[in-house]
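# Reading the structure
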Amino acid sequence: MTKPRALIIGGSVGGLFAAHLLDSIGWDVDVFERVDDDLASRGAGIGTHPVLREIMRRLGLSIDNSIVVVTSSYICRDRTGRLILELPTPRMMSAWSPLYRALRDNLRRARYHRGKDCLEVRPAGSSVTAVFADGSLATGDLLVAADGIRSTVRSQFLPDVKPTYAGYVAWRALVSERDVAPATRAVLEREYLFCVPEGELALCYAVPARDGGTCLGHRDYNLVWYRPADEAALAKLCTDPQGRQYDGSIAPPLIRAEVIADLRQFARAELPPPMFDVVDRTEQPFFQAIHDLASPRVVFGRVAVLGDAAFVARPHVGAGVTKAALDALCLVEAISGAGGDLDVALARYDRERCRFGDWIVGRGRDLGASIGVRARTEGQVGQVELDRRAAVAMGGYAANAEELARLTADGRPPSRAETGCDTGP
Ligand SMILES: Cc1cc2nc3c(=O)[nH]c(=O)nc-3n(C[C@H](O)[C@H](O)[C@H](O)COP(=O)(O)OP(=O)(O)OC[C@H]3O[C@@H](n4cnc5c(N)ncnc54)[C@H](O)[C@@H]3O)c2cc1C
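Residues numbered from 1 in each chain as written. Predicted model: local features only at pLDDT ≥ 70, side-chain atom pairs only at ≥ 80, totals over all residues. Heavy atoms only, no water.

### Some words on the sheet that holds strand S9 (residues 137–140)
By definition, the strands of a sheet pair up through backbone hydrogen bonds, in either a parallel or an antiparallel sense. The strand order across the open sheet formed by three strands is S7-S8-S9, and the pairing between neighbours is antiparallel. Edge positions in the sheet fall to strand S7 (118–124) and S9, since each has one partner strand and no second. Between one strand axis and the next, the sheet turns through 20 degrees on average, direction left out of account. The sheet contact formed by S7 and strand S8 (residues 127–132) spans six bridges and is antiparallel. Bridge pairing in S8 links alanine 124 to serine 127. (Pairing = 2+ DSSP bridges. Helix = DSSP H or I, 4+ residues; strand = E, 2+ residues; numbered from the N terminus. Axes fitted to C-alpha atoms, helices over the stretch in contact; angles between N-to-C directions.)

Shown next as structure tokens:
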């Protein structure tokens, strides 16, 4: 009997989880990735959760201590370094490269095709054909769209669903533990550090180094600093030294020198010394505009949309990779549980992932709600109020981490009864 065939568009983490899991239930799988190069050099720290480690284990790919950095508490300080609050919150930070590598290098039977840009999908009853920019076609029983936030496939079926800009950007800085000042290292060696300037939020923590090092002294420090930027300010940030303006993002080397100089100046004024040091010593800080994306449907005939192509929660949630893994797991469990009826399986996938996606996008909005909220008059907000806001913001992160630690592999959002909070469904 011939195996059913799945076409997966997008060969990043979402596509790779889908490939492993569909292969494990006997499907013939082809992954088509637009980018011709290796994707291992993308990104920096990736927060892991027990359910992600559980899914990796099921695939025979463990997230062991050699690829994680463990921290035990969230610690909030003001710009002088004064301690505001400490909350015990165990975290295991891994990095993009080892996770992606483990998924990519251990594909068993699934075939991975690079440089394949999917332009269009043609559904035809119980099959579906993908059309690629090089003129080639591929036909399968199921097409999984794992092609990210700007998904070509989703746009074909839901042309009006577009990422919504949240009104702020995340500045990123990454520096080797070896290259910071001793006083910086003394703090960041142990602390998962928060700082909450009015209307902003900054986090800084150790992650595995770009060369894979996880031992003390050989890791990297990763800083994420959320700063408001309205549409006009974003357009300015996205303008290169020649005055050319890019749409919503700009390649890091094209960011103007004065933008980086301003960033360093603001970091000196607003962030505690260890965070400023990380910004100051990072050769090429860069930013990403923050978006929300929620799809009203994720199934279109024999097409299932997954990962960031379907829903994007703001990175405060720190679970984009986990969500992509849970989507893929839900898909294969729905297929396995439907006794061969793919339409029934896909209807279940659609229902469950829309529910989960709406929940997690809402969670991201809640965690980012204070960013950009500032008093209109300078000096209006007193220290006590600033400390209270900082404690609330970090408390939200701690509650989120605790809740995600309780997520189970069925990928359902935790119920209100389990979480005791109002953000559950
Ligand atoms: C600032 C920031 C911090 C983050 N921190 C975390 C974190 O701590 N933890 C975490 O879990 N997640 C985090 N994330 C999110 C995480 O990176 C994403 O959720 C995750 O990469 C989604 O995987 P994906 O496979 O769905 O999409 P993507 O990783 O975006 O991959 C989509 C792939 O599809 C390919 N593609 C696109 N179009 C086509 C086409 N037409 N044909 C063929 N291929 C195509 C692309 O080249 C790409 O490889 C963060 C994101 C940001 C912005």
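### Comments concerning the pairing of strand S14 (residues 220–228)
Consecutive residues of a regular strand have side chains that alternate between opposite faces of the sheet. Along S14, eight of the nine residues are buried, which leaves the element largely enclosed by surrounding structure. Note that strand S11 (residues 164–176) and S14 share nine bridges and pair antiparallel. Across the sheet, tyrosine 168 pairs through a bridge with proline 228, a residue of S14. Sheet topology note: the strand S13 (residues 201–207)/S14 ladder contains seven bridges and is antiparallel. Bridging across to S14, cysteine 204 finds its partner in leucine 223. (Buried < 20%, exposed > 50% of the residue type's maximum accessible area, 1.4 Å probe, protein only.)

### A closer look at the site of the ligand
Near the ligand lie 32 residues; those nearest to it are Ser12, Gly14, Glu33, Arg172 and Val321. In this structure, aspartate 117 approaches the ligand through a side-chain N or O atom, which is 3.2 Å from a nitrogen atom. Contact with the protein chains covers 86% of the free accessible surface of the ligand, which is 1000 Å². Contributions of two or more residues to the shell around the ligand are made by helix H1 (13–24), strand S2 (28–33), strand S3 (45–48) and helix H9 (320–337). Looking at the shell around the ligand, its residues break down into 12 nonpolar, 12 polar and eight charged. (Near = heavy atom within 4 Å. Polar contact = N/O pair within 3.5 Å; in protein donor to acceptor, adjacent residues only side chain to side chain. Areas by Shrake-Rupley, 256 points an atom, 1.4 Å probe, with all protein chains shown as cover. Nonpolar A, V, L, I, M, F, W, Y, C, P; charged D, E, K, R; others polar.)

### What to know about H9
Between the first and last C-alpha of H9 there are 26 Å, a value that for 18 residues agrees with the 26 Å anticipated at 1.5 Å per step. Burial of H9 is extensive: 14 of the 18 residues sit out of reach of the surface. Downstream of H9 by one or two residues, glycine 339 has phi in the positive range, about 55 degrees. (Expected span 1.5 Å × (residues − 1).)

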